[in-house]
Amino acid sequence: MTESTRSVAVAGAHRSIRVLADGEGPFPGELVSRGATVAVRTPVARLRGWAGWAHAGAEHVAAPLDLALGADGQDALLPWCVRTVDAHLVRGGEGPSVSRGEAVTLAVSMLRGVVELAPERGGRATRARRPTVDGG
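The following paragraphs examine the structure supplied in this document.

Criteria and thresholds
Residues numbered from 1 in each chain as written. Predicted model: local features only at pLDDT ≥ 70, side-chain atom pairs only at ≥ 80, totals over all residues. Heavy atoms only, no water. Helix = DSSP H or I, 4+ residues; strand = E, 2+ residues; numbered from the N terminus. Polar contact = N/O pair within 3.5 Å; in protein donor to acceptor, adjacent residues only side chain to side chain. Contact = heavy atoms within 4.5 Å. Pairing = 2+ DSSP bridges. Axes fitted to C-alpha atoms, helices over the stretch in contact; angles between N-to-C directions. Salt bridge = Lys/Arg side-chain N within 4 Å of Asp/Glu carboxyl O. Buried < 20%, exposed > 50% of the residue type's maximum accessible area, 1.4 Å probe, protein only. 1 Å grid on protein atoms, 1.4 Å probe; cavity = no way out; pocket = protein on both sides within 12 Å on 5 of 7 lines; lining within 4 Å. Points joined across faces, edges and corners; volume = space filled by probe spheres on them. Nonpolar A, V, L, I, M, F, W, Y, C, P; charged D, E, K, R; others polar.

The next subject is the side chain of R41. Within the secondary structure, R41 sits in strand β3 (residues 37-43). A polar contact is formed between the side chain of R41 and the backbone oxygen of L69, at a distance of 2.7 Å. The contacts of R41, once residues within four sequence positions are left out, are H14, P28, G29, E30, V32, A68, L69, G70, D75, A76 and L77.

Okay, the sheet that holds strand β4 (residues 66-70) next. Strand order across the open sheet formed by five strands is β1-β2-β3-β5-β4, with antiparallel pairing between neighbours. In this open sheet, the two strands that pair with only one neighbour each are β1 (16-19) and β4. The sheet shows a mean angle of 35° between the axes of neighbouring strands, taken without regard to direction.

With that settled, the discussion passes to the pattern of salt bridges. Applying the stated criterion across every chain, the model contains two salt bridges. Residue R18 pairs with E24 through a salt bridge whose shortest N-O separation is 2.6 Å. Classification of R18 by relative accessible area gives partly exposed; the value is 34%. Under the relative-accessibility criterion, E24 is labelled partly exposed at 24%. With its nearest N and O atoms 2.8 Å apart, the salt bridge here joins D75 to R41. Taken together, the positions of D75 in strand β5 (residues 73-79) and R41 in strand β3 put the pair 34 residues apart, joining distant regions of the chain. Take D75 and R41: they sit in the same class, and that class is buried.

What follows covers the layout of surface pockets. As a volume, the largest pocket reaches approximately 760 Å³. Lining the largest pocket are 20 residues, and of these C81, R83, V85, L106 and S109 lie nearest its centre. Elements supplying a minimum of two residues to the lining of the largest pocket: α1 (85-89) and α2 (100-117). The element contributing the most residues to the lining of the largest pocket is α2, with seven residues. Across the lining of the largest pocket, the residue classes break down as 11 nonpolar, six polar and three charged.

Here the focus is empty space enclosed by the protein. Applying the stated rule across the entire model yields one cavity of 30 Å³ or more. Estimated volume of the largest cavity: approximately 30 Å³. Along its surface, the largest cavity is lined by L20, E24, G25, P26, F27, V40, W80 and C81. When its residues are assigned to classes, the lining of the largest cavity shows six nonpolar, one polar and one charged.

Turning our eyes to something else, we now look at the pairing of β3. Judged from the five bridges that link them, strand β2 (residues 30-34) and β3 form a sheet pairing that is antiparallel. By the bridge assignment for β3, L31 is matched with V40. Taken together, the five bridges between β3 and β5 define a ladder with antiparallel strand orientation. What sits directly across from A39, in β5, is P79.

Honestly, it's all geometry; don't read function into it.
Structure below.
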């Protein structure tokens, strides 16, 4: 095997883990490594017109984490959500669909997102709209 035919690991590259099944999360795409965490890699074209672009960099709002060059153009790296809130609430079982701890976590997460976007706190709602990669 010559040096030119051997594949070389690139530090920091987003390595594929698997393709997400339809409905497995809020974002379709490929689950990839992102440092010590994971992200969903999806073509930017799939997100044309998505309001999440305006919230890039937010910590408690679903928004792009980064962009990566894909085989067919740019891909967005999005947070990986194991399942949507809707999917979690409709899971089967005889007991309540949400435990007390899960209810508290959900409420706190929602409040953090609202506070992050609040105009009086300098949230993204007060900032001028940034141009997006899809021209919007």
